[in-house]
Amino acid sequence: MTQPKTTTRIPAPLYAAAGAGELAYQQLLKLPAVVNDLGGKAVVTTFELREKAAATLRNANATAVNLRDKATATDVDVERLREAAMRNAAAVVAGAQAAQERAVAVYGRLVAHGERVVGTRVVKAADIVDADIEATEAPAEVTAAPTKVEDIAEATTDAVVTPADVAERATAKPTKRTRTTTK
């Protein structure tokens, strides 16, 4: 059985659990109305119950007598029984496969429902945290100092550049910078 793929980093079983929990919560909200409906239907007298129990017992006894008579008969077709057993086994296998397909479909629907319940806020928060982690773990890049007067003016947006600073920078001997990398 393969799990449905999600576009997030949260595992699909957690989404399925969230979806199932939310569906259970919706059903629990309907419970008081169902209890009221069943309360009205549950008023049955003991006399009616005794009559139903007696009728069921008579039917069960009659069925038992019929089955006993059939079991004592000496005409047992073993080949027919074998064929029926094979048909029933094939039906059970087909039913199990259909049940598995339905279970996979229900699981997929639960995952989709859980994704809607959880929403994208959790995923966005996880993406922000991941980006912060990657930013702090990434090696710092070494950049060369600006050498032109225009570059100095752009690089110092908050600082005040005086003409003396520009002249000193323009007449200074360029320094050789080495770039270091970490592995």
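Treat the numbers as computed from the prediction; the structure is a model and nothing was measured.

1. Observations regarding the overall build of the protein chain
Phase 1 of the analysis: Looking only at helices and strands, the protein chain features six helices and zero strands.
Phase 2 of the analysis: Along the protein chain, helices (α) and strands (β) appear in the sequence α-α-α-α-α-α when read from the amino end.
Phase 3 of the analysis: Restricting to contacts in the protein chain with at least 6 residues of sequence separation, those with at least 24 account for 77%.
Phase 4 of the analysis: Here the protein chain displays about 15,700 Å² of accessible surface, and carbon together with sulfur accounts for 60% of that area.

2. Quick look at a nonpolar patch on the surface
Phase 1 of the analysis: A cluster of nonpolar residues, Leu28, Leu31, Val34, Val35 and Leu38, forms a patch on the protein surface that exposes about 460 Å² of accessible area.
Phase 2 of the analysis: Secondary-structure assignment places leucine 28 in helix H1 (residues 12-41).

3. Considering the pattern of salt bridges
Phase 1 of the analysis: Counting across every chain of the model gives one salt bridge.
Phase 2 of the analysis: One salt bridge in this structure joins glutamate 79 and arginine 82, with 3.1 Å as the shortest N-O distance. Here the residue glutamate 79 and the residue arginine 82 both occupy positions in helix H3 (residues 78-118), the gap between them amounting to three residues, near one helical turn.
Phase 3 of the analysis: Residue classification places glutamate 79 among the partly exposed positions, given a relative accessible area of 42%.
Phase 4 of the analysis: Residue classification places arginine 82 among the partly exposed positions, given a relative accessible area of 48%.

4. Re the nonpolar core
Phase 1 of the analysis: Core analysis: the largest hydrophobic core is formed by seven residues, namely Ile10, Ala12, Tyr15, Ala16, Tyr107, Leu110 and Val111.
Phase 2 of the analysis: Listing elements by their share of this core, those giving two or more residues are H1 and H3.
Phase 3 of the analysis: Those residues within four positions of alanine 16 in sequence are excluded, and the remaining contacts are Tyr107, Leu110 and Val111.

5. Section: helix H2 (residues 46-72)
Phase 1 of the analysis: End to end, H2 covers 39 Å across 27 residues, agreeing with the expected 39 Å (1.5 Å per residue, within 8%).
Phase 2 of the analysis: Sparse coverage of H2 is indicated by the burial of zero of its 27 residues.

6. A word on the confidence of the model for the protein chain
Phase 1 of the analysis: Summary statistics for the protein chain give a mean pLDDT of 76 and a share of 62% for residues scoring 70 or more.
Phase 2 of the analysis: Considering each helix and strand of the protein chain separately, the mean pLDDT is smallest for helix H5 (residues 149-155), with a value of 54, and largest for H3, with 91.

What counts, and where the lines are drawn
- Residues numbered from 1 in each chain as written.
- Predicted model: local features only at pLDDT ≥ 70, side-chain atom pairs only at ≥ 80, totals over all residues.
- Heavy atoms only, no water.
- Helix = DSSP H or I, 4+ residues; strand = E, 2+ residues; numbered from the N terminus.
- Contact = heavy atoms within 4.5 Å.
- Areas by Shrake-Rupley, 256 points an atom, 1.4 Å probe, with all protein chains shown as cover.
- Patch = residues over 30% accessible without salt bridge, like charges linked within 9 Å, V, L, I, M, F, W, Y side chains within 5 Å.
- Salt bridge = Lys/Arg side-chain N within 4 Å of Asp/Glu carboxyl O.
- Buried < 20%, exposed > 50% of the residue type's maximum accessible area, 1.4 Å probe, protein only.
- Core = buried A, V, L, I, M, F, W, Y, C linked by side-chain atoms within 4.5 Å.
- Expected span 1.5 Å × (residues − 1).
- pLDDT = per-residue confidence, 0-100.

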